[in-house]
Amino acid sequence: MKDALSPVGRPTVDVSALKQAIALAERFLALVRQAGAAAASANSAVDAQVRRAHTDFGVAP
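Starting afresh in each chain, residues are numbered from 1 along the sequence in its written order. Owing to the predicted nature of the model, reporting of local features is limited to residues with pLDDT of at least 70; listing and counting of side-chain atom pairs is limited to 80 or more, with chain, interface and lining totals taken over all residues. Side-chain numbers here rest on the full set of heavy atoms in the structure, without hydrogens or water.

Strands are runs of DSSP state E lasting at least 2 residues, helices are runs of H or I lasting at least 4, and numbering of each runs from the N terminus. For the chain, the count of helices and strands is 2 helices and 0 strands. Out of the 61 residues belonging to the chain, those deemed buried represent 0%. Only the protein chains shown count as cover for residues, and the accessible areas themselves come from Shrake-Rupley with a 1.4 Å probe. Total accessible area computed for the chain in this model is approximately 5800 Å², and 63% of it derives from carbon and sulfur atoms. For every residue, the accessible area obtained with a 1.4 Å probe (protein chains only) is divided by the maximum for its type, and the residue is called buried under 20%, exposed over 50%, and partly exposed between those limits.

The next subject is the pattern of salt bridges. Side chains that carry opposite charge are capable of pairing whenever their charged atoms lie near each other. A pair is scored as a salt bridge if a Lys or Arg side-chain nitrogen falls within 4 Å of a carboxyl oxygen belonging to Asp or Glu. Applying the stated criterion to the full structure yields 1 salt bridge. The partner of R51 in a salt bridge is D47, with the nearest N and O atoms 3.3 Å apart. Here D47 and R51 lie together in helix α2 (residues 16-56), a separation of 4 residues that amounts to about one turn. Accessibility expressed as a relative area gives 47% for R51, which makes it partly exposed. By relative accessible area, D47 is classed as partly exposed at 38%.

Turning our attention to a nonpolar patch on the surface. Residues enter a patch when their relative accessible area is above 30% and they make no salt bridge; the linking distance is 9 Å between like charges and 5 Å between nonpolar side chains (Val, Leu, Ile, Met, Phe, Trp, Tyr). A surface patch of nonpolar side chains, amounting to about 370 Å² of accessible area, comprises V13, V15, L18 and I22. On the basis of relative accessible area, V15 is assigned to the partly exposed category, the value being 37%.

Below is the structure:
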């Protein structure tokens, strides 16, 4: 009976905004990773073009 009349408070916490923020951060990180991969690919392509241009003129880079 004492347990039935004992007040117990439990907070209700809305975590939907936190979940949305985490999802947004994950999408941002995915975009940063894609940008990094694109930058590495572009760097590789530019390096290949520079080397090709130097070999056309008989100059070693």
